[in-house]
Amino acid sequence: GVAPGSADLSRVVVDREALAVAAEADGNPVIPLVRALRDGVSEVDVDVAPWVHRGLTSQDVLDTALVLCARSAVEEVRRQVGAQVELLVARATEHRDDPALARTLTQPALPSTVGLRLAGWLHGVLDADEQLAALRWPVQLGGAAGTLASLVELAGAEGASALRSDLPARLGLAPAAPWHTRRTPITRLGDAALGATDAWGRIARDVLELGRPEVGELRDGSAGGSSAMPHKANPTLAVLVRRAAIAAPPLAATLHAAAAEQVDERADGGWHAEWHALATLLRHAVVVAAQTTDLLRRLGVDADRAAARLAEVEDDLRAEQRSLAGLTGREPLPSYDGLAGELVDEALARAAAHDPHSHLEERA
């Protein structure tokens with residue numbers, strides 16, 4: 001209601017390669033983008049062109065675009081997590097009471113169940129999704145120094161205040177105080193993505209360790225081949241998932257380092273350091289989410305082999321049980337897997353109460 005008319009910016013053609021080159025010279029891609037938009041609009045309406053990008057600063061545009069892109073990535077990750085929960089519930093139910101060997105520090109420890117191991121994976125995935133669901137998507141609107149002075153100058157205090165609600169509503173984002181150098185939205189996003197890759201990496205590590213031929217309790221059904229050895233069936237999906245889990249923590253650490261390096265009202269490098277780290281972390285999360293779903297869908301579980309591996313050492317593992325039974329003066333119980341079944345049921349109940357669609361349809 002202040003500018004003289006409006007312009008359809010979507011019709012402006014921007015040379016992306018030229019934009020990328022100019023972004024390095026200008027320090028960020030918004031500056032050359034604004035130039036290109038103004039030039040394009042001026043060809044249609046010379047009076048409107050000077051009004052493009054008034055009241056904003058480059059960081060307002062880039063941070064808001066980043067939030068929109070990140071939200072799309074997280075929505076895709078959460079769709080995959082929903083599928084993972086369904087797959088793990090089915091497998092944990094199927095193998096609830098199948099005996100298996102529990103290992104600690106890589107060595108045989110106590111009797112357990114296949115179902116309890118799968119329930120542990122399920123809890124990890126649910127933990128990750130709770131972090132993802134808790135994310136909020138704030139608009140960035142502060143002007144050059146976070147005071148919104150230019151908007152007040154253009155539209156008055158009342159108009160500027162109204163825009164703080166109107167703009168996020170139009171974009172489907174949350175209103176927020178300027179967060180130019182308060183990078184909590186970014187570190188929370190990175191932490192949530194990292195929590196997911198942690199959970200998936202833990203699954204992949206179990207599949208790799210228990211899928212060794214000499215163990216044979218689990219099997220990566222992707223069975224990729226070897227370029228040199230025809231007899232090999234490499235656990236391709238598990239390897240790729242583990243790769244992403246190993247690569248993710250340094251990326252999240254970069255986001256925290258960048259947050260700690262913020263200074264004044266606009267940062268001098270801390271903001272710029274986020275871009276590659278966050279984009280890479282979210283790409284990893286989207287890709288490895290789908291790979292983990294595929295891994296779980298193809299996963300082979302050899303319950304007979306798990307029971308056999310336990311039987312080989314079970315007598316030794318029962319030494320603790322015999323010692324404890326001696327203290328009570330009773331005969332040892334028939335089994336020594338504790339509350340394994342109850343713990344599996346607890347994980348299944350948590351999954352049943354979990355809403356994989358929470359916040360996914362919030363904009364609608």
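Residues numbered from 1 in each chain as written. Predicted model: local features only at pLDDT ≥ 70, side-chain atom pairs only at ≥ 80, totals over all residues. Heavy atoms only, no water.

Here we come to the overall build of the protein. A count of helical and extended segments in the protein gives eleven helices and four strands. Computed over C-alpha atoms, the radius of gyration of the protein comes to 27 Å, more than 25% over the 21 Å expected from 2.2 N^0.38 for 364 residues, which places it beyond the range of a compact globule. Along the three orthogonal principal directions, the C-alpha set of the protein runs to about 90 × 55 × 35 Å. Out of the 364 residues in the protein, the part that is buried amounts to 41%. Considering only contacts in the protein between residues 6 or more positions apart, those separated by 24 or more positions represent 74%. Carbon and sulfur atoms form 55% of the exposed surface of the protein, whose accessible area is close to 19,000 Å². Across the protein, 36 positive and 51 negative side-chain charges occur, with their mean positions spaced 2 Å apart. (Helix = DSSP H or I, 4+ residues; strand = E, 2+ residues; numbered from the N terminus. Rg over C-alpha atoms; globule rule 2.2 N^0.38 Å. Buried < 20%, exposed > 50% of the residue type's maximum accessible area, 1.4 Å probe, protein only. Contact = heavy atoms within 4.5 Å. Areas by Shrake-Rupley, 256 points an atom, 1.4 Å probe, with all protein chains shown as cover. Lys, Arg positive; Asp, Glu negative; His and termini not counted. Charge placed at Lys NZ, Arg CZ, Asp CG, Glu CD.)

Sheet topology places strand β1 (residues 99–104) next to strand β2 (residues 107–113); six bridges connect them, and they run antiparallel. Among the inter-strand pairings, R103 is bridged to a residue of β2, identified as P108. Taking the residues that link successive antiparallel strands as the turn, the β1-β2 hairpin has two residues, and the phi of L105 there is positive, at about 55°. (Pairing = 2+ DSSP bridges.)

Relative orientation of the contacting elements helix α6 (residues 184–210) and helix α8 (residues 270–298) amounts to 35°, with a least axis distance of 9 Å. α6 and α8 meet at a crossing whose hand is left-handed. In this structure, α6 contributes I186, L189, G190, A193, T197, W200, I203, A204 and V207 to the contact, and α8 contributes E274, L278, L281, L282, A285, V288, A289, T292, L295 and L296. (Axes fitted to C-alpha atoms, helices over the stretch in contact; angles between N-to-C directions. Left-handed = near helix turned anticlockwise from the far one by under 90°.)

There is a patch of nonpolar side chains on the surface, built from V2, W51 and L154 and spanning about 240 Å² of accessible area. Looking at where W51 falls in the secondary structure, it is placed in the loop between α2 (30–42) and α3 (58–94). (Patch = residues over 30% accessible without salt bridge, like charges linked within 9 Å, V, L, I, M, F, W, Y side chains within 5 Å. Salt bridge = Lys/Arg side-chain N within 4 Å of Asp/Glu carboxyl O.)

To continue, consider the side chain of D206. Assignment of secondary structure puts D206 in helix α6. Setting aside anything within four residues of it in sequence, one finds D206 in contact with R117, W121, G211 and L218.

From the geometry alone we can't say anything about function, so treat these as descriptive.
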